[in-house]
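Observations on chain architecture
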Amino acid sequence: MDFTQHIEADKLTTEFIDYVKKVFKGKKIILTVEEEQDTTEYLLSSEANREKLMKSIEQAEKGEGLIKVNLE
């Protein structure tokens, strides 16, 4: 079983650890901690992504390629 949890480090509690211990009782686990990357940061991380993002922003500002949805 895989389990992924996105949580702010300040909100990590002993109850969370107890929960993991309960769910995986008696099993060996791998616990990996990594900093969650901001979506915009990721999109700007490569030149190709940056160019696509900037082009999309320009198109949106011009009203091109937008889909209007009525939620009522």
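Above this text is the structure in question.
Below: a short report on this structure. (Residues numbered from 1 in each chain as written. Predicted model: local features only at pLDDT ≥ 70, side-chain atom pairs only at ≥ 80, totals over all residues. Heavy atoms only, no water.)

Topic: the overall build of the chain
Here is the rule: A run of H or I in DSSP becomes a helix once it reaches four residues, and a run of E becomes a strand once it reaches two; helices and strands are each numbered from the N terminus. Throughout, the radius of gyration refers to the C-alpha atoms, and the reference size of a globule is 2.2 Å times the residue count to the power 0.38. A simple rule labels every residue: compare its accessible area, found with a 1.4 Å probe on the protein chains alone, to the largest value its type can have, and call it buried under 20%, exposed over 50%, or partly exposed in between. Surface exposure here means Shrake-Rupley accessible area, sampled with a 1.4 Å probe, where a residue is shielded only by the protein chains that are shown. Asp and Glu are treated as the negative residues and Lys and Arg as the positive ones, with His and the ends of the chain left uncounted. By convention, charge coordinates are those of NZ in Lys, CZ in Arg, CG in Asp, or CD in Glu.
Tallying secondary structure elements over the chain gives 3 helices and 0 strands in all. For the chain, the C-alpha radius of gyration of 20 Å lies well beyond 11 Å, the compact-globule estimate for 72 residues. Overall, the chain is about 55 × 40 × 25 Å in size when its C-alpha atoms are taken along their principal axes. The buried share among the 72 residues of the chain stands at 4%. Summing over all exposed atoms, the chain offers an accessible surface of approximately 7,500 Å²; the carbon and sulfur share of this is 52%. Across the chain, the 11 positively charged side chains and the 16 negatively charged ones have centroids separated by 9 Å.

Describing the layout of surface pockets
The test is simple: Here a cavity is any set of points on a 1 Å grid over the protein atoms alone where a 1.4 Å probe fits but cannot get out, and a pocket is any open set with protein on both sides within 12 Å along at least 5 of 7 lines; a residue lines the site when it has an atom within 4 Å of a point. Grid points are joined across faces, edges and corners, and a volume is the space filled by probe spheres set on the points. Under the scheme applied, nonpolar residues are Ala, Val, Leu, Ile, Met, Phe, Trp, Tyr, Cys and Pro; charged residues are Asp, Glu, Lys and Arg; polar residues are all the others, including Gly.
There is about 910 Å³ of room inside the largest pocket. As for the largest pocket, its lining consists of 24 residues, of which Q5, L31, T32, V33 and E34 are closest to the centre. Broken down by class, the residue content of the lining of the largest pocket amounts to 13 nonpolar, 5 polar and 6 charged.

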